[in-house]
Amino acid sequence: MYSCYLAPCPDLVEKRNAMEKLIVKNSRGLSGTVLIPGDKSISHRSLMLGSLSSGKTIIGNFLQSKDCLSTIDSFSKMGIRIVNKGSKVTVFGRGLHGLRAPKTILNANNSGTTTRLMLGILAGQPFTSRITGDKSLCRRPMQRVTGPLREMGAVIFGKGGGNYTPLTVTGGNLEGISFKSKVASAQVKSALLLAGLYAQGQTCVSEPVKSRDHTERMLKYFGVKLKIKGNTVCIRSGQKLKGRRIEVPGDTSSAAFFIVAGLIVPDSKLVLKNVGINPTRTGILEALLRMGAKIRIVNKRNIKFEPVADLIVQTSSLKGAVIGGKIIPRLIDEIPVLAVAAARAKGKTVFKDAGELRVKESDRIKTICTELAKFGVRTKESKNGFVVYGNSKPRGAKSISYGDHRIAMAMAVLALVSKGTSEIKDTACIDTSFPEFFGLFRKIQGRQTG
Ligand code: S3P
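Computed from a predicted model, the values in this text were never measured in an experiment.

Student: Go over the overall build of the protein chain with me, naming the residues and quoting the values.
Tutor: Counting its regular elements, the protein chain contains 14 helices and 25 strands. In terms of overall size, the protein chain behaves like a compact globule, its C-alpha atoms giving a radius of gyration of 21 Å where 450 residues would be expected to give roughly 22 Å. Taking the principal axes of the C-alpha coordinates as reference, the protein chain spans close to 60 × 45 × 40 Å. Residues counted as buried form 61% of the 450 residues belonging to the protein chain. Restricting the contact set of the protein chain to residue pairs at least 6 apart, pairs at least 24 apart contribute 76%. A total accessible area of about 16,800 Å² is found for the protein chain, and carbon and sulfur atoms account for 51% of it. Positive and negative charge centroids in the protein chain, built from 72 and 31 side chains respectively, lie 3 Å apart.

Take a look at the structure:
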């Protein structure tokens, strides 16, 4: 499915459908205003909590991406009526105990968030269900969620001792646990909090560094009480959720591609509207500001339980930085495009403590380094990170996405500052998180010099 967010762009659509290839020329002078589409993490969660609530949940600015459609499909298979009209979605919740056993296998396709959060919910159900996904998802580790869910009492079978999809879950009769996660993962935290809604007593999750907190904010908004102390969140079972109205803020991770494009393409100025600035997601802004980026954050406001703002981005001279430690979970999804910013920065940029990148939609440490090299950007890979040697003059390249949406979009941004014309192959995956990308990318395009 392809859709342009603001302006129709049939020529680009045709090109892309025929070859799933994006042709990008060296450019100058990006300009315009971009309304950033809805946040993926928040869109998933609003469907999930809406389904478990009593009454209607109306979601505005819902992200119509493939990943979020997989979540709609899964809950529909469990008897939830979901009406999806444009950017407005209505979920007719059936309460905490209203899900029905699905008649067929649930398919999360490429979506790790659908899978891991859903596993938490399925663990609480008194029925057996099966969940699977595409080739990339079937390679991603699930033990980090299935391990503690088993400790709570769920019976889970699957490949690799329950580490890989397809997984079969027989839920019910859960008991609360206190779990110390080794990884800072919002998906682990959220899965256990959702299972905790069904578990006897209290369920607590601690993480080494605080990950995105959309689940906690939204649970509270739906009427659930949580105890939050430092990096530990506790939930008690037996709490009821009540359907609400939600307005999804623009996705910080989608905005990142346009932020970096505006910073590195000469003579550019972009206004990005409605960008989520939840502090657990704004590592990208902090890292870029440290690198010398000219980004103004204006019109700060709250949309219900999440903060948003507009961003004004201007071409900047960037300098290299060290990016590691506590900031990593707050910018983990933005590292591919941050690496592109680093390629144009003066000096080297070191990414460390980012081993999680190896288990994303692709092994991003490998795919980032391999693709940057094709553009003539020097990198050095290590176990948990990589170094980008900046200030290079990238040359146009034939790049591939490895089926990873964020690699495809990051390389499209790099192509804007690379000499000549570049080709990004296998770009259909962009629809998993940002179907509007192509239309918006075209809309801001300035003078092409390639
Ligand atoms: C997400 C959490 C992060 C992030 C992913 C979305 C979420 O994953 O990378 O794209 O919505 O909870 P981890 O929890 O594996 O870090």
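Student: Run through the layout of surface pockets, naming residues and quoting values.
Tutor: Here the largest pocket defines a volume of roughly 570 Å³. Lining the largest pocket are 37 residues, and of these Ala184, Ser185, Ile332, Glu356 and Lys360 sit closest to its centre. Mapped onto the lining of the largest pocket, the elements with two or more residues apiece are helix 2 (40–51), helix 4 (112–123) and helix 7 (186–196). Of the residues in the lining of the largest pocket, the class split is ten nonpolar, ten polar and 17 charged.

Student: Outline the domain arrangement of the protein chain, supporting the account with residue identities and numerical values.
Tutor: By domain assignment, the protein chain separates into domain 1 (21–37 + 249–448) and domain 2 (40–247). Measuring from the centre of the C-alpha atoms in domain 1 to the corresponding centre in domain 2 gives 29 Å. The interface of domain 1 with domain 2 comprises 31 residues on the first partner and 28 residues on the second. Roughly 2,500 Å² is buried in total at the junction of domain 1 and domain 2, and carbon and sulfur atoms are behind 54% of that figure.

Student: Can you break down the side chain of Ser399 residue by residue, with the values?
Tutor: In this structure, Ser399 sits in strand 23 (residues 398–400). A residue is classified by how much of its surface remains accessible, and Ser399, at 1% relative accessible area, is buried. For Ser399, the side chain forms a polar contact with the side chain of Glu371, separated by 2.8 Å. Contacts of Ser399, omitting those with residues within four sequence positions, involve Glu371, Lys374, Phe375, Met411, Glu423, Ile424 and Lys425.

Student: An account of the pattern of salt bridges is needed here, citing residue identities and associated values.
Tutor: Tallied over the full model, the rule gives 21 salt bridges. The partner of Lys189 in a salt bridge is Glu207, with the nearest N and O atoms 3.0 Å apart. Here Lys189 is found in helix 7, whereas its partner Glu207 is found in the loop between strand 12 (202–206) and helix 8 (214–221), with 18 residues between them in sequence. Note on Lys189: relative accessible area 2%, which makes it buried. Its relative accessible area of 8% is what places Glu207 among the buried residues. Three or more residues are tied together by salt bridges with common partners; here these are Arg140, Glu361, Arg364 and Asp404.

Student: Residues and numbers for the sheet that holds strand 9 (residues 155–158), please.
Tutor: Reading across from one edge, 7-8-10-9 is the order of the four strands in this open sheet, with mixed pairing throughout. Two strands in the sheet have a free side with no partner beyond their single neighbour: strand 7 (106–107) and strand 9. In this sheet, strand 10 (residues 164–170) lies alongside strand 8 (residues 128–132) in antiparallel orientation, the contact comprising four bridges. Looking at strand 10, one finds that Arg130 is bridged to Thr168.

Student: Tell me about the site of the ligand, residues and numbers included.
Tutor: Neighbouring residues of the ligand: Ser41, Arg45, Thr113, Arg116, Ser185, Ala186, Gln187, Arg212, Ile332, Asp333 and Lys360. Within the side chain of Ser41, a nitrogen or oxygen atom sits 2.7 Å from an oxygen atom of the ligand. Contact between the ligand and Asp333: an oxygen atom at 2.7 Å from a side-chain N or O atom of the residue. Here the ligand, which alone exposes 390 Å², has 95% of that area covered by the protein. Among the detected pockets, the ligand sits in the largest pocket.

Student: How would you summarise the environment of Leu22 if you had to cite specific residues and measurements?
Tutor: Structurally, Leu22 is set in strand 1 (residues 21–25). Residues Leu22 and Ile36, 14 residues apart in the sequence, show an inter-C-alpha distance of 21 Å.

Student: Outline the packing of helix 2 against helix 4, supporting the account with residue identities and numerical values.
Tutor: Following both chains from N to C, one finds helix 2 and helix 4 inclined at 25 degrees, their axes separated by 11 Å at the closest point. It follows that helix 2 is roughly parallel to helix 4 by the angle criterion. When the axes of helix 2 and helix 4 are compared, the crossing they make is right-handed. Facing helix 2, whose interface residues are His44, Arg45 and Met48, helix 4 presents Thr113, Thr114, Leu117, Met118 and Ile121. Across the contact of helix 2 with helix 4, the residue classes tally to four nonpolar, three polar and one charged.

Student: Give me the lowdown on the state of the cysteines, citing residues and values where you can.
Tutor: With the rule as written, the count across this model stands at one disulfide. The structure places no disulfide on Cys369, whose sulfur is separated from the nearest cysteine sulfur, that of Cys429, by 19 Å. Unpaired in terms of disulfides, Cys429 finds its nearest cysteine sulfur in Cys68, a separation of 15 Å. Since its relative accessible area comes to 10%, Cys429 is described here as buried.

Conventions and cut-offs
- Counting from 1, residues in each chain are numbered in the order their sequence is written.
- Totals for whole chains, interfaces and linings use every residue, but because this is a predicted model, local features are given only for residues with pLDDT of at least 70 and side-chain atom pairs only at 80 or more, for both listing and counting.
- Side-chain calculation: all heavy atoms of the structure are included, whereas hydrogens and water are not.
- Per the convention used, a helix needs a DSSP run of H or I reaching at least four residues, while a strand needs a run of E reaching at least two, with both numbered from the N terminus.
- The atom set for the radius of gyration is the C-alpha atoms, and the globule formula is 2.2 Å times the number of residues raised to the power 0.38.
- Relative accessible area decides the class of each residue, using a 1.4 Å probe on protein chains only: under 20% of the type maximum gives buried, over 50% gives exposed, and in between gives partly exposed.
- When checking whether two residues touch, look at their non-hydrogen atoms; a contact exists if any pair is within 4.5 Å.
- Per-residue and other accessible areas follow the Shrake-Rupley method at a 1.4 Å probe size, with only the shown protein chains counted as cover for residues.
- Under this rule, positive means Lys or Arg and negative means Asp or Glu; His and the chain ends count for nothing.
- For the purpose of locating charges, the reference atoms are NZ of Lys, CZ of Arg, CG of Asp and CD of Glu.
- The pocket and cavity definitions rest on a 1 Å grid over protein atoms only: a 1.4 Å probe that fits but cannot leave marks a cavity, an open set with protein on both sides within 12 Å along at least five of seven lines marks a pocket, and residues lining either have an atom within 4 Å of a point.
- Grid points are joined across faces, edges and corners, and a volume is the space filled by probe spheres set on the points.
- Any residue that is not Ala, Val, Leu, Ile, Met, Phe, Trp, Tyr, Cys, Pro, Asp, Glu, Lys or Arg is counted as polar, Gly included; the first ten are nonpolar and the last four charged.
- What fixes the domain bounds is an automatic or database domain assignment.
- In short, buried area is how much 1.4 Å probe accessible area vanishes from two parts on joining, totalled over both.
- Polar contacts, as used here, are pairs of N or O atoms within 3.5 Å; protein pairs need one atom able to donate a hydrogen and one able to accept it. Residues neighboring in sequence count only if both atoms are side-chain atoms.
- By convention in these notes, a salt bridge is any Lys or Arg side-chain nitrogen within 4 Å of a carboxyl oxygen on Asp or Glu.
- Pairing between strands is defined by DSSP: at least two bridges between them are needed.
- Near residues are defined by distance, with any heavy atom within 4 Å of the molecule or strand qualifying the residue.
- A molecule is counted as occupying a cavity or pocket when more than half of its atoms fall within 2 Å of that pocket's grid points.
- Each axis is a line fitted through C-alpha atoms, taken for helices only over the stretch in contact, and angles between the N-to-C directions span 0 to 180 degrees.
- Roughly parallel refers to an angle under 35 degrees, roughly antiparallel to one over 145, roughly perpendicular to one between 65 and 115, and oblique to any angle outside these ranges.
- Here is the rule for handedness: rotate from the far helix to the near one, and if that takes an anticlockwise turn smaller than a right angle the crossing is left-handed, while a clockwise turn gives right-handed.
- We call a pair of cysteine sulfur atoms a disulfide whenever their separation is within 2.5 Å.

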